[in-house]
Amino acid sequence: MGWLKRLSEGLSKTRKKITGELNVLFEIGPQVGPEFWDDLEATLIMADIGVGAAEEVTSRLREQSQREGLTGLAEVKEALVGLLAEAFTTGDYAILDERPSCVLFVGVNGAGKTTTVGKIASAAKARGRHPIIGSADTFRAAAIEQLDVWGRRADVRVVERTRGSDPASVCYDTIDAAEREGADLILIDTAGRLHTSADLMRELQKVVQVTRKRATCPVRVVLVIDATTGQNGLSQAKEFNEALGVDGVIMTKLDGTAKGGIALAISHDLGLPVLGIGVGEAISDLQPFDAEEFSRALITGVDDNEE
Amino acid sequence: MAVFGNLSNRLQDTFEGLRSKGRLTEADIDTAMREVRMALLEADVNFKVVKDFVAKTKERCLTSEVLESLTPAQNVVKIVLEELTDLLGTTESKLVLTSRIPNVIMLVGLQGSGKTTAAAKLANLLKAQGHAPLLAACDVYRPAAADQLETLGNELGVKVFRGDGQHPVQIARDAVRAAVDGMKDIVIVDTAGRLQVDEAMMQEAADIKAAVKPDQILMVVDSMTGQDIVNVVTAFAERVDFDGVIMTKLDGDARGGGALSVRSVTGKPIKFISTGEKPDAFEVFHPDRMARRILGMGDMVSVIEKVSAQADEEQAEAAARMLQRGMTFDDFLAQLKSIEKLGGFASIISSLPGGDRLLDKAGGQIDERMTKRTEAIIMSMTKEERAKPQIINGSRRARIARGAGVEVYDVNALIKQFNQINKMMGKMRAQVGDAKGKGGRMSKRARRMMGGLGGLGDVASQAEMQRMMRDMFK
Ligand SMILES: Nc1nc2c(ncn2[C@@H]2O[C@H](COP(=O)(O)OP(=O)(O)O)[C@@H](O)[C@H]2O)c(=O)[nH]1
Ligand SMILES: Nc1nc2c(ncn2[C@@H]2O[C@H](COP(=O)(O)OP(=O)(O)O)[C@@H](O)[C@H]2O)c(=O)[nH]1
Ligand SMILES: [Mg+2]
Ligand SMILES: [Mg+2]
């Protein structure tokens with residue numbers, strides 16, 4: 001470490017320490033009390049980040065507060081947000097903006113894949129791109145009809161076959177159509193499946209393989225996760241990632257009261273970026289992911305009497 | 001989920017560390033309770049529910065029965081299981097139908113939880129019981145929701161009432177009327193998914209309820225749901241109220257701790273579980289099984305119970321002998337027979353945590369014919385060979401293969417497998433020997449267990465067992 005850096009770090013520590021002490025002296029703002037730490041751990045656990053992670057974050061924040069002499073509630077919370085936000089993997093956020101590209105949406109049943117495909121198609125179109133949708137959920141009742149409606153809403157063509165057909169063939173057809181029509185963003189909806197179903201995971205592997213082989217553009221796999229998901233989300237992400245090589249995650253249903261803390265574990269442990277968040281059932285209810293904002297939301301409720 | 005290891009193993013480890021001190025103290029129990037707390041939180045039981053549960057369980061653990069026990073881990077697990085099972089309620093899966101015609105059953109829940117699928121499954125179940133159900137498609141928001149229900153209904157031969165373009169309250173009302181006209185005795189109202197904070201949508205659910213006065217409202221809850229479930233069910237209980245719960249997607253590996261949260265926050269019983277996308281993947285709720293699942297214990301306990309009930313004294317003797325001198329092919333044969341009696345390897349493996357997946361990976365099914373082949377091979381060994389497997393050389397192998405009508409390759413494979421098991425038993429022998437040194441901990445029950453499964457069934461060596469099974473059936 002260079003002397004200049006050391007000096008400036010020392011200075012910043014001193015400054016923080018002094019601020020802290022001044023806070024105590026002049027009672028500026030509420031202070032962090034002993035109950036804060038229990039409260040924090042509870043809040044983090046209830047946000048679904050996982051009990052192990054919650055304990056780790058709490059102890060690291062405690063250490064940092066001591067080291068940097070942070071005692072004011074506001075500054076400790078700021079440090080906490082920083083700690084959480086940093087834990088997210090910042091990946092290649094351009095995945096959904098590559099041109100041309102092909103993105104497959106995968107995930108467990110009911111996570112919000114189809115809805116997300118509709119939202120992304122619409123947003124891409126609005127940005128002047130030429131998307132096309134592949135209806136590769138050929139299993140669930142009326143999945144094709146559901147995606148049809150989204151295609152109409154987004155004014156994007158949907159390539160489909162009848163229910164029960166081979167999903168890999170649908171991908172093939174979709175890429176054919178994309179090439180014919182000069183589409184530059186291929187969005188493929190797949191059937192929901194639990195990561196524990198070996199057969200269905202094998203089937204999906206085949207779908208992705210066929211698509212990778214056929215496509216002449218980069219092929220990405222996006223995992224869709226429901227924000228209400230608890231610790232099982234990590235298991236889901238691990239299995240899908242292992243089977244398919246996932247490129248990023250989209251978390252849906254953040255318009256409810258669930259905090260979606262499992263996204264942190266997934267992003268951190270598996271090194272996957274969060275690409276976007278779903279905040280409703282309407283076509284425009286898709287937002288970019290902001291690690292800091294997300295982290296701030298995760299800890300709402302810690303020491304409520306402050307606000 | 002293999003990541004966490006189950007509570008039983010953890011407590012075993014915890015108490016192992018405390019063992020030497022003799023009588024346990026309150027502090028020791030606190031240590032154990034920390035493990036219980038972790039296990040429940042990892043299973044997604046709500047934080048506050050866990051807190052209460054642990055406090056209550058701790059009280060029960062502070063009895064001399066546990067404190068002075070030689071097997072405190074088992075005692076604690078037993079108490080935790082009992083408390084959990086108790087809290088989860090009873091098996092109340094009878095749909096309470098009234099004499100009203102038609103009966104109305106309404107399904108509510110969050111988006112994507114599995115309401116529409118459950119509606120179809122209920123219809124299927126009721127139809128099989130001789131009822132004439134009608135499905136009412138009252139989700140007018142999710143694209144093609146009515147199509148989905150109609151498709152499912154058609155597949156089951158159940159009529160679906162849809163009122164495209166109408167308000168959900170109106171559709172529900174009309175469906176009831178249509179049921180009367182169409183001689184249907186039960187209307188199942190499928191509703192749209194809604195967030196409990198969506199005021200307008202919650203009001204709509206309350207309005208549907210007021211309009212058709214359901215005899216029963218069932219809340220559909222995804223078993224993968226995390227901590228937030230208490231907020232959700234509390235609001236649903238307040239705004240629409242419900243009579244019972246259907247837990248879905250239990251075919252996965254979610255521990256399903258939400259079941260406990262729902263139950264302790266609302267007091268509503270869990271009535272059914274849904275275990276797949278097919279219409280018949282619908283089962284009665286068993287609190288004891290759910291309790292084990294939450295603790296990550298699979299159905300291992302029942303396997304062990306089955307095994308120890310099976311194993312008679314003679315087998316227990318054999319187990320003790322095996323532990324001392326190693327296993328012979330005669331022992332091996334006896335093990336095979338007892339496994340057959342239990343319904344075969346497949347049924348044992350599938351009742352282990354993660355066992356179904358293991359089976360899947362093994363290609364869906366274990367070839368029980370293999371057992372027959374193994375038996376044939378052992379039967380064509382001489383008495384001496386069975387007792388002293390180490391004398392089986394190349395020429396003996398060829399003879400045995402001929403006698404059993406198999407290839408030498410098969411004989412080799414069996415001997416290899418046999419040696420592996422023996423090796424594992426050697427490890428267990430070391431473990432048990434250790435424990436014995438610390439106070440004769442090898443209980444009759446433990447011996448029986450080993451007798452029954454050839455030393456495969458110790459709760460603590462589940463992972464090892466799974467690994468071995470995988471190797472055996474690869
Ligand atoms: N509130 C809310 N509901 C959503 C969101 N995304 C999807 N949904 C709903 O969740 C349910 C399942 O979504 P769908 O796209 O069909 O899931 P899929 O099975 O993964 O394709 C539907 O009722 C959607 O309207 C979201 O961000 N917020
Ligand atoms: N694996 C599995 N999938 C299920 C189960 N129940 C429902 N699903 C699937 O979950 C998704 C959402 O179910 P749906 O009935 O449409 O949910 P709804 O939005 O609440 O009506 C669909 O893909 C269903 O096939 C279950 O028990 N196991
Ligand atoms: Mg879908
Ligand atoms: Mg539905």
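Residues numbered from 1 in each chain as written. Chains lettered and ligands numbered in written order. Predicted model: local features only at pLDDT ≥ 70, side-chain atom pairs only at ≥ 80, totals over all residues. Heavy atoms only, no water.

Looking at the site of ligand 1
Cut-off, in case you're wondering: We call a residue near a given molecule or strand whenever any one of its heavy atoms falls within 4 Å of it. In protein, a polar contact requires one atom able to donate a hydrogen and another able to accept it; more generally it is a pair of N or O atoms within 3.5 Å, and residues adjacent in sequence count only if both atoms are side-chain atoms. With residues, only the protein chains shown are counted as cover, and all accessible areas are computed by Shrake-Rupley using a 1.4 Å probe. Counting from the N terminus, the helices are DSSP H or I runs at least four residues long and the strands are E runs at least two residues long. When residues are sorted by character, Ala, Val, Leu, Ile, Met, Phe, Trp, Tyr, Cys and Pro go into the nonpolar class, Asp, Glu, Lys and Arg into the charged class, and all the rest, Gly among them, into the polar class.
Ligand 1 sits among 19 residues. The nearest are Gly112, Lys113, Thr114, Thr115 and Glu281 of chain A. Lying at an intersection of chains, ligand 1 is approached by residues of chains A and B. Here an oxygen atom of ligand 1 sits 3.2 Å away from a polar atom, N or O, in the main chain of Ala111 of chain A. For ligand 1, an oxygen atom lies 2.9 Å from a polar atom in the backbone of Lys253 of chain A. For ligand 1, whose unbound accessible area comes to 570 Å², protein coverage reaches 96%. For the shell around ligand 1, the element with the most residues is helix α5 (residues 113–126) of chain A, which contributes 4 residues. Of the residues belonging to the shell around ligand 1, the class tally is 3 nonpolar, 10 polar and 6 charged.

Regarding the pairing of strand β1 (residues 103–109) of chain B
All names here are of chain B. Rules: A 1.4 Å probe rolled over the protein chains alone gives each residue an accessible area, and that area as a share of the maximum for its type sets the label: buried under 20%, exposed over 50%, partly exposed in between. Here, any two strands with at least 2 DSSP bridges between them count as paired.
The buried fraction of β1 is high, at 7 of 7 residues. Side-chain alternation along β1 places Asn103, Ile105, Leu107 and Gly109 on one buried face and Val104, Met106 and Val108 on a second face that is also buried. Relative to strand β4 (residues 186–191), β1 runs parallel, the two being bridged by 5 bridges. Opposite Met106, over in β4, you have Val189 as the bridge partner. The pairing of β1 with strand β5 (residues 216–222) spans 5 bridges and is parallel. By the bridge assignment, Met106 is partnered in β5 with Ile217.

Considerations on the packing of helix α9 (residues 199–212) of chain B against helix α10 (residues 229–239) of chain B
Residue and element names in this part refer to chain B. Convention followed: Here the axes come from fitting lines to C-alpha atoms, over the contacting stretch only for helices, and the angles between their N-to-C directions go from 0 to 180 degrees. Roughly parallel refers to an angle under 35 degrees, roughly antiparallel to one over 145, roughly perpendicular to one between 65 and 115, and oblique to any angle outside these ranges. We call a crossing left-handed when the near helix sits turned anticlockwise from the far one by less than a right angle, and right-handed when that turn is clockwise. Pairs of residues are marked as contacts when any of their non-hydrogen atoms sit within 4.5 Å.
Orientation of α9 relative to α10, taken along the N-to-C sense of each, is 45 degrees, at an axis distance of 10 Å. Compared by their axis directions, α9 and α10 come out oblique. Relative to α10, the crossing made by α9 is right-handed. Only Ala235, Phe236 and Arg239 of α10 make contact with α9, whose side of the interface consists of Glu199, Met202, Gln203 and Ala206.

A closer look at the packing of aromatic side chains
Rule in force here: In summary, the pairing rule links any two rings of Phe, Tyr or Trp, Trp by its six-membered ring, whose centres are within 6.5 Å, and it sorts them by plane angle into stacked for under 30 degrees, edge-to-face for over 60 and tilted for everything else. Only when the NZ of Lys or the CZ of Arg is both within 6 Å of the ring centre and within 35 degrees of the ring normal is a charge said to sit over the ring.
Summed over all chains, the structure comprises 8 aromatic pairs over all chains. Relative to Phe294 of chain A, the ring of Phe289 of chain A lies with its centre 5.2 Å away and its plane at 55 degrees, an arrangement referred to as tilted. Take Phe289 of chain A: its relative accessible area is 10%, and that puts it in the buried class. A relative accessible area of 8% means that Phe294 of chain A is categorised as buried. Put simply, the rings of Phe88, Phe289 and Phe294 of chain A pair up and form one aromatic cluster. The ring of Tyr172 of chain A is capped by Arg214 of chain A, whose NZ or CZ atom sits 5.5 Å from the centre of that ring. For the cation-ring pair, Lys268 of chain B lies above Phe242 of chain B, with the distance from its terminal atom to the ring centre recorded as 5.9 Å.

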